[in-house]
Amino acid sequence: MPPHTPKLLSYQPLGYNGKFIPAQDMSSKSSPVLVLSLSDIRRDPRVFRQIDVLKGQRAVLAAGTGIMAIDGVTSYTIPIQRRTPVGRAHALFCLKTGRFEQFYWSQGHVIRALADLGHARYPFVIANDIQTLPLALHLARGAPVLVDLHEYSPRELEDRWLWRFLFQKYSDYLCRQYLPKATMVTTVCAGIAEEYTRQYGARPTVITNAPRFHSLPVHKTDPSRIRVIHHGVAARSRRIESMIELANLLDARFTVDFILIPGDAKYIVQLMRQAAGSRNIQFLPRVEMNQIVPFSAQYDVGLFLLEPTNFNYLHALPNKFFEFLQARLAVAIGPSPEMARIISQFGCGLVSQSFEPQALAKELNRLDAGTLDKMKAQSSQAAAVHCAERNADLLKTAFACLLSGPT
């Protein structure tokens, strides 16, 4: 039992799809690989792609939050429980006095997952993000563990003083204590991989957030109507208001559509008020994850201006960037180094000199239809290289190594 773990209650293992595999069925070669994530996996493209690669080769038990129902996969919902006032006071005490193990193992979802998932044996376990790694190592019982680090955890929300005050040292502790125990480490881009190596000695394999390849045509740009799209989570830290300011600086040829995933409902209302009266801005309903690329293909430009307010934003290389490529759009960004590297390599978009809205608006206003068509053609070239199928080969190799055990 992990240190400081409260006595576990006796829970009946349950999965939302009613196919939770009892422990006695997990000891054979058909034992499922366990995929752990503190996210709704159906809405988490990166975790979903891991499962998609695995399920053609091996039984999979996917454990995440939200209502889990994935074809061909056994599912388990991790219950996220709120602490009582006394529990919150205890958690704060643990975080501020360095009792990080006690804090970790007293979390309700960790206790419940240990009880429900700890009776089985798994050929290997995938831990998504550092917060699941201690749990994964315990559940693995010595089996290999791959940890996929979606962000640079020790500086994830460093722009928020409360996160720095409560969680920065805790996140650093988890990395120092548990990363050396992982069998294999992956992450999303070169800059984040290099920082994990520099700070913790880990050597992550880079597996990007690219979606599957879409065979789509490059459509010609209408010189009189250039359509721009931005889609993503409505988070205040992303400062989406800068892109609304940018849209208002574009000339009459441009329209800008926003598809915002609700993260902060009040923030979306604020953004809509800011855009009220704008001649060229629309807010559209949410599009399902598997439809975002074909939907975006009707546009000309994919827009993402992300001020580097924290380390992860500086090194952002998000799903939407690759979705823009798959949709055969020209990509318009600020000087974000990871995205800029690919744009420079393929010539598939433009990069402004600064993160000021005026700088990127100026670059967009200079474009003509012919230049946009050339950029979109180059996005088609980039789409063949930056796709989930290429990453699937890396994942298959990693999974084969984990299943083969030590050499």
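Heads up: these notes are all about the structure in this document. Just so it is clear, the structure is predicted and the values come from calculations on it, not from any experiment. (Residues numbered from 1 in each chain as written. Predicted model: local features only at pLDDT ≥ 70, side-chain atom pairs only at ≥ 80, totals over all residues. Heavy atoms only, no water.)

1. Some details on the environment of A120
Now for step 1: Among the secondary structure elements, A120 is positioned in the loop between α4 (108-117) and β4 (125-128).
Now for step 2: For A120, a relative accessible area of 4% translates into the label buried.
Now for step 3: Residues A120 and P32, 88 residues apart in the sequence, show an inter-C-alpha distance of 9.5 Å. (Helix = DSSP H or I, 4+ residues; strand = E, 2+ residues; numbered from the N terminus. Buried < 20%, exposed > 50% of the residue type's maximum accessible area, 1.4 Å probe, protein only.)

2. Describing the pattern of salt bridges
Now for step 1: Taken as a whole and judged by the stated rule, the model has 16 salt bridges.
Now for step 2: When the shortest N-O distance is used, the salt bridge between D264 and R236 registers 2.8 Å. With D264 in the loop between β9 (254-261) and α9 (265-275) and R236 in the loop between β8 (226-233) and α8 (241-247), this residue pair connects regions lying 28 residues apart in the sequence.
Now for step 3: On the basis of relative accessibility, which here comes to 23%, the residue D264 falls in the partly exposed class. (Salt bridge = Lys/Arg side-chain N within 4 Å of Asp/Glu carboxyl O.)

3. With respect to the pairing of strand β1 (residues 33-36)
Now for step 1: Side chains of β1 alternate between two faces, with V33 and V35 and L34 and L36 buried alike.
Now for step 2: Sheet topology places β1 next to strand β2 (residues 60-64); 4 bridges connect them, and they run parallel. Looking at β2, one finds that L36 is bridged to A63.
Now for step 3: As defined by bridge partners, β1 adjoins β4 across 3 bridges and the pair is classed as parallel. In the sheet register, L34 faces β4, and the bridge partner there is V125. (Pairing = 2+ DSSP bridges.)

4. Re helix α1 (residues 45-55)
Now for step 1: In terms of burial, α1 is largely enclosed, as 8 of its 11 residues are buried.
Now for step 2: Of all the residues in α1, the buried ones are P45, R46, V47, R49, Q50, I51, V53 and L54.

5. Structural notes on the side chain of E323
Now for step 1: By secondary structure assignment, the location of E323 is in helix α12 (residues 319-326).
Now for step 2: For the buried E323, no salt bridge exists, and the shortest N-O distance to an oppositely charged side chain is 5.9 Å, to R49.
Now for step 3: In this view, E323 contacts P211, H231, I292 and V293; residues no more than four positions away in its chain are not counted. (Lys, Arg positive; Asp, Glu negative; His and termini not counted. Contact = heavy atoms within 4.5 Å.)

6. Section: the sheet that holds β9
Now for step 1: Strand order across the open sheet formed by 6 strands is β10-β9-β8-β11-β12-β13, with parallel pairing between neighbours. One side of each edge strand has no neighbouring strand; the edge strands of this open sheet are β10 (281-284) and β13 (349-351). Each neighbouring strand pair of the sheet contributes to a mean axis angle of 25 degrees, computed without reference to strand direction.
Now for step 2: Two strands pair when backbone bridges link them, and β8 and β9 are joined in this way by 8 bridges, in the parallel orientation. (Axes fitted to C-alpha atoms, helices over the stretch in contact; angles between N-to-C directions.)

7. Description of the pairing of β4
Now for step 1: Here β4 shows a buried face lined by V125 and A127 and a second buried face lined by I126 and N128.
Now for step 2: Across 4 bridges, β4 lies against strand β5 (residues 145-149) in parallel orientation. From the neighbouring strand, N128 faces β5, where its bridge partner is D148.
Now for step 3: A crossover links β4 with its parallel partner β5, the connecting element being helix α5 (residues 133-140), and its sense is right-handed. (Right-handed = clockwise from strand over helix to strand, strands pointing away.)

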